[in-house]
Amino acid sequence: MISKQLYVNRCCGHSLVEIMIALTLGVSVSALTIQLYVGHSGVVSLQRSLSLVQQQGRYAQELLAAQLRLSGYAGAQGVVNSFVFSEDSDGEQDVLEIQIAGAGTDCMGGPLATNSHIKRKRFYVQNSVLYCFDSDGIRAPVVENVDSFQVIYGVDLDESIFFDGGYGSADVYVDGSVLVAEPNANVVSVKVAIVIKSVGLVGVVQEAGTAAEVWMLNRYVEDQFTTSPDGYLRRLFVNTTALRNFGSYEGSQL
């Protein structure tokens, strides 16, 4: 009777080896679940960062293109020079300054009166924020997380619509600093390049020494768009806008 009871006791419960195997499997499954969750969270974070960067870049493109199309328009006052060129427009963090009157808005979005005085609107980057500052002293942010803001101007070197086949098209693109001494140059188009950086790290780090160069507007820059040297996501937005308003330029009569 006693030997039968001992046999029954030995057959009940789990051995130490079975417990260790169960714990190992449990830890493995938990680690795999955590890894999948972290990986999924990283993908979601990357998608959100990319969506925000694209939203900011497209908004900046559309806003600046609309401002450029209105530049030079002065309503009943006729047409004025579209731009005020600056030595600060040298290919680093450029400055874009336009002149406008009788149409459009100020930097806060308020409509300009049809008989308003000529207003200057200056777009520049400070502390990674693209600002609009007008001649009334109004300053407003346009977009944040701006890594680079570059502007080049398309100049038509042809002299007459009747004798030059390429009249009305840009022959050369130059920095604004080049045009400081030639404020009446026949600028017919403007190219704007904006680099937007993600708000936070996305964990895509590039190995040192593997960065290539890419062409941006009129110069080569380090490639920080396909891979990132510091873990931030960056996207380059380039837009070309044809101007509509000219001073004594023959193209303004077409």
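Residues numbered from 1 in each chain as written. Predicted model: local features only at pLDDT ≥ 70, side-chain atom pairs only at ≥ 80, totals over all residues. Heavy atoms only, no water.

### Description of the sheet that holds strand E4 (residues 139-143)
Overall, antiparallel pairing links the four strands, which are arranged E1-E2-E3-E4 in an open sheet. Both edges of this open sheet fall to strand E1 (96-100) and E4, since each of them pairs with a single strand only. On average, each strand axis in the sheet is inclined to that of its neighbour by 25 degrees, with strand direction left out of account. The pairing of E1 with strand E2 (residues 119-126) spans five bridges and is classified as antiparallel. By the bridge assignment, Gln99 is partnered in E2 with Arg120. (Pairing = 2+ DSSP bridges. Helix = DSSP H or I, 4+ residues; strand = E, 2+ residues; numbered from the N terminus. Axes fitted to C-alpha atoms, helices over the stretch in contact; angles between N-to-C directions.)

### Some points on the pattern of salt bridges
Following the criterion strictly, the structure yields four salt bridges and no others. Between Glu97 and Arg122 there is a salt bridge, and its shortest N-O distance comes to 2.9 Å. Here Glu97 is found in strand E1, whereas its partner Arg122 is found in strand E2, with 25 residues between them in sequence. Between Arg234 and Asp147 there is a salt bridge, with its nearest N and O atoms 2.6 Å apart. Within this pair, whereas Arg234 is found in strand E10 (residues 231-242), its partner Asp147 is found in strand E5 (residues 146-155), the two being separated by 87 residues in sequence. (Salt bridge = Lys/Arg side-chain N within 4 Å of Asp/Glu carboxyl O.)

### Observations regarding the state of the cysteines
Tallied over the entire structure, the rule returns one disulfide. Each disulfide pairs two cysteine sulfurs, and for Cys107 the partner residue is Cys132, the sulfurs being separated by 1.9 Å. Given an S-S torsion of about -65 degrees, the disulfide between Cys107 and Cys132 has left-handed geometry. Of this pair, Cys107 sits in the loop between E1 and E2 while Cys132 sits in strand E3 (residues 129-134), and the two are 25 residues apart along the sequence. Residue classification places Cys107 among the buried positions, given a relative accessible area of 12%. (Disulfide = S-S within 2.5 Å. Buried < 20%, exposed > 50% of the residue type's maximum accessible area, 1.4 Å probe, protein only.)

### Concerning the pairing of E3
Within a regular strand, the side chains alternate between the two sheet faces. Counting buried positions over the six residues of E3 gives five, a clear majority of the element. Of the pairings in the sheet, the one linking E2 to E3 comprises six bridges and is antiparallel in character. Within the sheet, the bridge partner assigned to Gln126 lies in E3 and is Val129. Linkage of E2 to E3, two consecutive antiparallel strands, is achieved through a turn of two residues, within which Asn127 is found at a positive phi near 55 degrees. What sits between the antiparallel neighbours E3 and E4 is a turn of four residues, in which Gly137 has the positive phi angle 90 degrees.

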